[in-house]
Amino acid sequence: MATQTAPLELPTSGKIHQNLSTPALVELALARAEGYLSANGALVVETGERTGRSPNDRFIVDEPSVHDEIWWGDINVAVDEAVFERLYAKVKPHMADRDHFVFDGFAGADPEYRMPVRIICEKAWHALFGRTLFVRPTPEELESHTPEFTVINACEVSADPRTDGTNSHVFVVVSLERRTVLIGGTHYGGEIKKSIFSVMNYLLPGRNVLPMHCSSNIGEDGDTALFFGLSGTGKTTLSADPARRLIGDDEHGWSDRGVFNFEGGCYAKVIRLSREAEPQIYDAIRFGSIVENVITSDGPRVIDYDDDTKTENTRATYPVEYIDNCVIPGVGGHPRNIMFLTADAFGVLPPIARLTPGEAMFHFISGYTAKVAGTEAGITEPTATFSACFGAPFLPLHPTRYARMLGERMEEYGAHVYLVNTGWSGGPYGVGARMSIAHTRALITAALSGDLDGVEYTKDPVFHFEVPASCPGVPSEVLTPRNTWADKDAFDAKAAHLAQLFVKNFEKYRSEATPEVIAAIPRT
């Protein structure tokens, strides 16, 4: 475990705007021309050339106390301490000449496990982002607040790859010993929250808490559910259920006390958002929220959620209490049901399948979804994406460590696990159609209520999992994907192709896998 030292601080000759209210931060952002108000009252901002995270520009400092613990490689890229010092030497004088916008709060809703954090920014809207996404302290908690980790967002500072040891002018550098994150060269707000999420992923397993990239909600009888899934699979959308109370939409811990949200807000993708399909999220975007990289109409400034001119990754940030039936504080009991969401663009996986513990561990380690044409440069056809534990970019430790922790908790608390395909049916992307969100909601509701417990199931011959033959509110022919394809031979070929992709991806984890996980590997 990393040696603990005090986070770095920054002197400034400018004004320190510390722990301002939301209206005050909005006023300052407007006065400084950092954004403008849309018709619904949300602050509209642009993040420049980087409209998403910059994974190739994220580094962890290779320090003695963490060297043997980190899962080094393409995701956790090591830099030596001299790189951090050079970048800090650039950040320090730059920030010294500017006003500081400071937010003090917590990562984690459970007081037993939360981490006090400080966010120092040169932009008012970044401080508002921090205030929205992290847990806001009470006045009494603020009086005794001492940060254990600090994020310094010097977005206007650029690195020089030739001399600074970076890959580009952008840098997100985490020093676990200095307990500080340096961000520069990018205005994208998500780097602030994701850097602290990665820190929590490093620290919490040492306290016997499983950190998870998932959303969570709770039913009327107190049953907690988890929703794992990569971007675009519906994690935020499906957890915002009017019939259930939202705990959080992205990041949680699972301790021996139950589940707790890391955040005090939500960071939702809003491309093609509509009130009809996602009323809770639509209505949460108002004054106090931030909308990134959207297009608004001239004059009225009405947001056009269908316009992807700037990016497919348009985002909205809002406090969790803007969801009417949210849980404050964001804590719940031990999960009864866990959903693994995938957007299968090959049209092979069923809309829902029941997993054995071994199958659950296999799919957790796999973390599968598929990207479709147009979502990223160079993608012209469906492309399989595997991200361990549905959050590999944020895992400082080896994925099997998190997977073992999940397996232990599933066994101890008797959680049921389902694989839910929110992707394509009737054929691959370009031939079939996207799963109906109404059908997906009906399937999840049936799973959570126990209505799927007594129905007939059939075992998939390739992927082994069990597929229900019926579900209230869902046509039975939709449930078995092969039946939705006109060309059955084409389906079989595509299923075999996807199975091979799973097998190939799993090879790097096979040596650490248990026999029951190995038994879940698809047939090829």
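Close approach of charged atoms allows side chains of opposite charge to pair. Counted by the stated rule, this structure contains 28 salt bridges. When the shortest N-O distance is used, the salt bridge between Arg 178 and Glu 85 registers 2.6 Å. Of this pair, Arg 178 sits in the loop between strand S9 (171-175) and strand S10 (180-184) while Glu 85 sits in helix H2 (residues 81-96); the two residues are 93 residues apart in sequence, bridging distant segments of the chain. Residue Arg 178 is classed as buried on the basis of its relative accessible area, which comes to 14%. The partner of Asp 164 in a salt bridge is Lys 90, and the shortest N-O contact between them spans 2.7 Å. Residue Asp 164 is found in helix H5 (residues 161-164), and its partner Lys 90 is found in helix H2; the two are separated by 74 residues along the sequence. Among the residues examined, Asp 164 registers a relative accessible area of 3% and is labelled buried. Since its relative accessible area comes to 29%, Lys 90 is described here as partly exposed. Bridged by salt links that share partners, the residues Lys 193, Lys 194, Lys 235, Asp 250, Glu 251 and Glu 263 form one connected network.

Examined against the element boundaries, Asn 421 turns out to sit in strand S26 (residues 416-421). Residue Asn 421 is classed as buried on the basis of its relative accessible area of 1%. Side-chain polar atoms of Asn 421 contact the backbone nitrogen of Gly 423, separated by 2.7 Å. Those residues in contact with Asn 421, other than ones at most four positions away along the chain, are Thr 342, Ala 343, Asp 344, Leu 349, Pro 350, Pro 351 and Met 435.

Backbone torsion omega between Ile 328 and Pro 329 reads -10°, so that peptide bond is classified as cis. Assignment of secondary structure puts Pro 329 in the loop between strand S20 (315-319) and strand S21 (331-332).

As a further point, take the environment of Leu 10. Assignment of secondary structure puts Leu 10 in the segment before strand S1 (16-18). Given the relative accessible area of 11%, Leu 10 is considered buried. Along the sequence, Leu 10 and Leu 43 sit 33 residues apart, while their C-alpha atoms lie 28 Å from each other. Apart from the residues within four sequence positions on either side, Leu 10 is in contact with Tyr 88, Lys 92, Met 95, His 100, Ile 120 and Ile 152.

Quick look at the pairing of strand S8 (residues 149-154) now. A large share of S8 lies buried, amounting to six of its six residues. Alternating positions in S8 separate into two faces, Phe 149, Val 151 and Asn 153 on one and Thr 150, Ile 152 and Ala 154 on the other, with burial throughout. In terms of strand pairing, strand S7 (residues 115-121) meets S8 through five bridges, oriented parallel. If you follow Ile 120 over to S8, its bridge partner there is Ile 152. The sheet contact formed by S8 and S10 spans five bridges and is parallel. Across the sheet, residue Thr 150 finds its bridge partner in S10, namely Thr 180.

A separate point is the packing of helix H3 (residues 124-133) against helix H6 (residues 190-203). Relative placement of two packed helices is described by the angle separating their axes and the distance separating the axes. Interhelical geometry of H3 versus H6 gives an angle of 45° and a closest axis separation of 9 Å. In terms of orientation, H3 and H6 fall into the oblique class. Classified by chirality, the crossing of H6 by H3 is right-handed. Contacts between H3 and H6 involve His 126, Phe 129 and Leu 133 on the former and, on the latter, Gly 190, Ile 192 and Lys 193. Split by residue class, the contact of H3 with H6 holds three nonpolar, two polar and one charged.

Turning to the packing of aromatic side chains, a few remarks are in order. Two measures describe an aromatic ring pair: the distance that separates the ring centres and the angle between the ring planes. Summed over the entire model, instances satisfying the criterion amount to 25 aromatic pairs. Aromatic side chains Trp 424 and Tyr 429 sit 5.3 Å apart centroid to centroid with 85° between the ring planes, which places their arrangement in the edge-to-face category. Relative accessible area serves as the criterion here: at 10%, Trp 424 is assigned to the buried category. Three or more aromatic residues joined by ring pairs form one cluster here, namely Phe 362, Tyr 368, Phe 386, Phe 463, Phe 465, Phe 502, Phe 506 and Tyr 509. Here the basic side chain of Arg 354 rests over the ring of Tyr 457, its NZ or CZ set 3.7 Å away from the ring centre.

Our next topic: the sheet that holds S7. Strand order in this open sheet of eight strands is S1-S6-S7-S8-S10-S9-S4-S5, and the pairing throughout is mixed. Of all the strands in the sheet, just S1 and strand S5 (77-79) have a single pairing partner and so form its edges. Strand-to-strand twist in this sheet, taken as the mean axis angle between neighbours without regard to direction, amounts to 25°. The sheet strands contacting H2 are strand S4 (58-61), S5, strand S6 (100-107), S7, S8, S9 and S10, and the helix crosses S8 at an angle near 65°.

Here we come to helix H1 (residues 22-31). Residues of H1 that are buried: Thr 22, Leu 25, Val 26 and Ala 29. What you see down the axis of H1 is that its buried residues fit within an arc of 100°, all on one side. Exposed residues on H1 whose side chains face more than 90 degrees from its buried face are Glu 27 and Ala 31. Here the buried face of H1 lies against strand S2 (36-37), strand S3 (43-45), S6 and H3. Two residues or fewer after H1 comes Ala 33, characterised by a positive phi angle close to 55°.

Counting 100 residues, the largest nonpolar core has Leu 176, Ile 196, Phe 228, Ile 338, Phe 340 and Phe 463 as the members making the most contacts within it. No other element matches the seven residues that H6 contributes to this core. Setting aside anything within four residues of it in sequence, one finds Phe 228 in contact with Met 212, His 213, Cys 214, Lys 235, Ile 338, Met 339, Phe 340, Leu 341, Phe 364, Cys 389 and Phe 390.

A few words now on the state of the cysteines. Evaluation of the coordinates by the stated rule reveals zero disulfides. Summary of cysteine pairing: Cys 214 is not part of a disulfide, and the nearest cysteine sulfur, belonging to Cys 389, is at 12 Å.

Here we take up the environment of Lys 494. Tracing the backbone shows Lys 494 in helix H14 (residues 488-506). Classification of Lys 494 by relative accessible area gives partly exposed; the value is 26%. For the pair Lys 494 and Val 348, spaced 146 residues apart in sequence, the C-alpha separation works out to 7.0 Å. Those residues within four positions of Lys 494 in sequence are excluded, and the remaining contacts are Phe 346, Val 348 and Trp 485.

What counts as what
Along each chain, residues carry numbers from 1 onward, in the same order as the chain's sequence is written. Residue-level local features of this predicted model are given only where pLDDT is at least 70; pairs of side-chain atoms are given and counted only at 80 or more, and the full residue set underlies all totals for whole chains, interfaces and linings. The basis for the side-chain values is all heavy atoms of the structure; hydrogens and waters are excluded. We count a salt bridge whenever a side-chain nitrogen from Lys or Arg sits within 4 Å of a carboxyl oxygen from Asp or Glu. A run of DSSP states H or I qualifies as a helix once it reaches four residues; a run of E qualifies as a strand once it reaches two. Both are numbered from the N-terminal end. Relative accessibility under 20% of the residue-type maximum defines a buried residue, over 50% an exposed one, and the middle range a partly exposed one, all with a 1.4 Å probe and only protein chains included. Identification of polar contacts relies on pairs of N or O atoms within 3.5 Å, with a donor-acceptor requirement for protein atoms, meaning one able to donate a hydrogen and the other able to accept it, and with residues adjacent in sequence counted only if both atoms are side-chain atoms. Two residues qualify as a contact provided that any one of their heavy atoms is within 4.5 Å of a heavy atom in the partner residue. We call two strands paired when DSSP finds no fewer than two bridges between them. Comment: axis = line fitted to C-alpha atoms, over the contacting stretch for helices; angle = value between 0 and 180 degrees taken between N-to-C directions. These descriptions rest on fixed angle ranges, namely under 35 degrees for roughly parallel, over 145 for roughly antiparallel, 65 to 115 for roughly perpendicular, and the rest for oblique. For any pair of crossing helices, the crossing counts as left-handed if the nearer helix is rotated counterclockwise from the farther one by less than a right angle, and right-handed if it is rotated clockwise. Polar here means any residue outside two lists: the nonpolar Ala, Val, Leu, Ile, Met, Phe, Trp, Tyr, Cys and Pro, and the charged Asp, Glu, Lys and Arg; Gly therefore counts as polar. Think of it this way: a Phe, Tyr or Trp ring, Trp meaning its six-membered ring, pairs with another when their centres are within 6.5 Å, and the plane angle makes it stacked under 30 degrees, edge-to-face over 60, tilted otherwise. Only when the NZ of Lys or the CZ of Arg is both within 6 Å of the ring centre and within 35 degrees of the ring normal is a charge said to sit over the ring. Note that the arc is defined by the directions from the helix axis to the C-beta atoms. In this description, a nonpolar core means a group of buried Ala, Val, Leu, Ile, Met, Phe, Trp, Tyr and Cys residues linked to one another through side-chain atoms lying within 4.5 Å. For this text, the term disulfide refers to a pair of cysteine sulfurs within 2.5 Å.

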